Amino acid sequence: MAQAQASKFKNPLVNWIDSRLPIFTMLDHEYNHYPMPRNVNYLWAFGAIAGIMLVVMIATGLFLAMQYSSHTSLAFDSVERIMRDVNYGWLLRYVHANGASMFFIAVYIHMFRGLYYGSYKAPREILWILGVIIFLVMMGTAFMGYVLPWGQMSFWGATVITNLFSAFPIVGDPIVTLLWGGFSVDNPTLNRFFALHFLLPFVLLGLVILHTAALHVCGSNNPLGIEPKGPQDTVPFNPYVTLKDGFAVVVFFIVFAAFVFFMPNYMGHPDNYIPANPLVTPAHIVPEWYFLPFYAILRAIPDKLGGVIAMFGSIALLLVLPWLDTSKVRSCKFRPIYRQFFWILAIDGLVLGYAGAMPAEGSWLLIARIGTFYYFFHFLVLLPVLGKLERPLPLPNSISEAVLKGGAHAKPMEKA
Amino acid sequence: MRALKTAILSAALALGLAGAAQASEAVHLDKQNWPHSGVFGTIDKAAAQRGFQVYKEVCSACHSMRLVPIRTLAGIGFKDDELKALAAGYEVQAGPNDAGEMFMRPGLPADRFPSPFPNDNAARAANNGALPPDLSLIAKARVGGEDYIYSFLTGFEDPAPAGVNLMPGMNYNKVFPGHQVGMPNILQPDGVTYADGTKATVEQEAKDVSTFLTFVAEPHLDERKQMGVKVILFLLVLAGLMYASKRKLWSTLH
């Protein structure tokens, strides 16, 4: 009855294992033969890049954790010890600190690619929702990581962000006390943030595995947003996409290396090289650049609770995006009106980010409010309405037809 | 390739935001041409050694440099015996000994630079309430870095510009936030006598000490950039090979 499964592998050891635990069959199926639409462009590489960045972060973070002390009286100095005395400690830390920014760059491009080509639409809703959850966990992880060096921005950033939860009635204050492990940001806060900062990347890893599993059920979307109709529309993942993604990863690493080696502190804040001091508040408390658009939304609303709800809401509404967009056509290539609003949304994100870095007063506050309004208007009003009103361009019959004959409909997206 | 361009453009725009965060606090700095700036720039060791002399003879009377071991100066050309002699010139607290008492001993290269005051309160008490900041990381802890330090050290004005109401014991400085600073205009022409015969103007002293403070904030700066050049050259070659193989492979598809 208990018969070993038949396996196709020639190597006897691989064969022996695979017939008991078909992990090699699974990998062969998912990463060798996995059919990728042949027309995917380089924007599709950012998923792989983000995955590799997660591995880079876990690897460097592990070795940093071996040298770091999560006590308020030691944390700042232990980071400096890593920078000065640990062999290649400066390299590990700069790769880790800039890696966080590069990880967010990759993920933001990956998300906007999904928005442009409608990758969140049926049957990829769960794939998209898992992605939004990954984004949320990433934000939490990055925030707690920024607290660890225990510099001025670490301390005051932690104070501002944890205090957000106090806006909620009744449950707010107990939540803040729980986050702090006391009645102010102090040693217990740093300790639990370190523990969580070590744990959450592995949660992320699990979520990424689920995200990939969901992807491999329905397959990758592509710039035309139509499903492959057969083998003529696809290429096997290996070697075609491994090589293409590999090239993109190397180019991405060149940019990454330029930051690490030549301007490692460009994306950080000078105040974080001043040890945390609860008695001195920095002139401007600004979060890391990747939080700035959300920080702008938070400050755009005149009411504290309203601001917190708007900020969390701006991410939460991405969870229901597949149902907000009523258009059946995935790719913006065939949605002439929505395509223009997509670019307005992209610019809106950048404007919000810029406004988030500026003091919340005068014209910057007004700009942040307009930007916030557009953000919600785009998702809550434009997307549902446009799907009904817009007349999409005719879709090509198949990917291979559009690719090989240069079909009239496959216009480059920059024509927008 | 167009998609790639879009991706690079979006990344560049996103990075611009980080610059925006800093631009909001910018003051007009007297920007210098530093030998250590740029991709191939390295620390000017002679300038850093002169800067150390300024630190030792002037700054260290009030400012600590508590994170920096004396041996770090090997990075700007101090030899082993020079480091030992230099370290021996400092008194360091050690102990407890067999009798349970703390005692003073001559410093070793592995010791960190001793601080001028036992704690922050003592430092404030001796300085009219102002706390002289630690200099270990000052070049990385101020917007503008070494340009800020240079502009600050050369930016004192006495008497203060008309209309400025200085508080007692404060000094006017062009670049300090709020312009009123507890620190006096400390660099004087020929305030130090350089061993290498360089004329010690205020600008020269400020430039040298800024170079030195850049070095102590980032002792691996030279090593980092040299490694960076190698890493990027390697990645460029690898990218070329990857692209060529990818082109060749995909050209077989029809």
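Source: prediction; values computed, not measured.

It is worth spelling out the sheet that holds strand 3 (residues 156–157) of chain B at this point. Across a sheet, strands are paired by hydrogen bonds formed along the backbone, either parallel or antiparallel in direction. Spatial strand order, 3-4-5 (chain B): three strands in an open sheet with antiparallel pairing. Edge positions in the sheet fall to strand 3 and strand 5 (180–181) of chain B, since each has one partner strand and no second.

Before going further, it helps to examine the UniProt feature "binding site: heme c" (unreviewed entry) in chain B. All names here are of chain B. Mapped onto the present numbering, the UniProt feature "binding site: heme c" (unreviewed entry) falls at Cys59, Cys62, His63 and Met183. For this annotated set, covering 125 residues, all C-alpha atoms fall within 10.6 Å of each other, a compact arrangement in space. Inspection of the secondary structure puts cysteine 59 in the loop between helix 2 (45–57) and helix 3 (80–88). Assessed through its relative accessible area of 15%, cysteine 59 is described here as buried. When residues no more than four places from it in sequence are discounted, the contact partners of cysteine 59 are Val54, Leu135 and Val209. With respect to the helices, strands and loops of the structure, cysteine 62 is situated in the loop between helix 2 and helix 3. According to the relative accessible area criterion, cysteine 62 is partly exposed, its value standing at 29%. With residues near it in sequence (within four places) discarded, cysteine 62 still touches Pro116, Phe117, Asn127 and Pro132.

When the parts come together, some accessible area is lost, and that loss is often what is quoted as the size of the interface. Every contact between the two is made by 57 residues of chain B and, on the other side, 59 residues of chain A. In this structure, the connection of chain B to chain A is made through two salt bridges. A salt bridge links Asp85(A) to Arg71(B); its shortest N-O distance comes to 3.4 Å. Taken together, chain B and chain A are joined by ten residue pairs in polar contact (both at pLDDT 80 or more). Mapped onto the side of chain B that touches chain A, the elements with two or more residues apiece are helix 1 (2–23), helix 6 (202–217) and helix 7 (221–251) of chain B. For the side of chain B that touches chain A, the element with the highest residue contribution is helix 7 of chain B, accounting for 18 residues. When its residues are assigned to classes, the side of chain B that touches chain A shows 35 nonpolar, ten polar and twelve charged.

Right, let's get into the pattern of salt bridges. Tallied over the full model, the rule gives 15 salt bridges over all chains. Among the salt bridges present, the one from Arg66(B) reaches Asp77(A), with a minimum N-O distance of 2.9 Å. Of the two residues, Arg66(B) is situated in the loop between helix 2 and helix 3 and Asp77(A) in helix 4 (residues 75–84); the pairing between them involves two chains. The closest approach of N and O atoms between Asp111(B) and Arg105(B), which form a salt bridge, is 2.9 Å. Members of the salt-bridge network, linked through shared partners, are Lys121(A), Asp325(A), Arg335(A) and Glu390(A).

Scoring rules and cut-offs
- For every chain, the first residue of the written sequence is number 1, and numbering continues from 1 onward in sequence order.
- To label them, take the chains in the order written and letter them from A, then take the ligands in the order written and number them from 1.
- Reporting in this predicted model follows two pLDDT cut-offs: at least 70 for local features of residues, and 80 or more for side-chain atom pairs to be given and counted; totals over whole chains, interfaces and linings ignore these cut-offs and use all residues.
- Calculation of side-chain values draws on the structure's entire complement of heavy atoms; hydrogens and water are dropped beforehand.
- When DSSP finds two or more bridges between a pair of strands, those strands are recorded as paired.
- Segments assigned H or I by DSSP are reported as helices when at least four residues long, segments assigned E as strands when at least two residues long, and all are numbered from the N terminus.
- UniProt positions are given in the numbering used here, feature names are shortened, and annotations may be inferred rather than shown by experiment.
- Each residue is placed in one exposure class: buried if its accessible area under a 1.4 Å probe, protein chains only, is under 20% of its type's maximum, exposed if it is over 50%, and partly exposed if it falls in between.
- Every residue pair with non-hydrogen atoms within 4.5 Å of one another is taken to be in contact.
- Salt bridge, as applied in this entry: a Lys or Arg side-chain nitrogen positioned within 4 Å of an Asp or Glu carboxyl oxygen.
- In protein, a polar contact means a hydrogen-donor-capable atom and an acceptor-capable atom, both N or O and within 3.5 Å, with residues adjacent in sequence counting only if both atoms are side-chain atoms; elsewhere, any N or O pair within 3.5 Å suffices.
- Just so you know the grouping, Ala, Val, Leu, Ile, Met, Phe, Trp, Tyr, Cys and Pro go in nonpolar, Asp, Glu, Lys and Arg go in charged, and all remaining residues, Gly too, go in polar.

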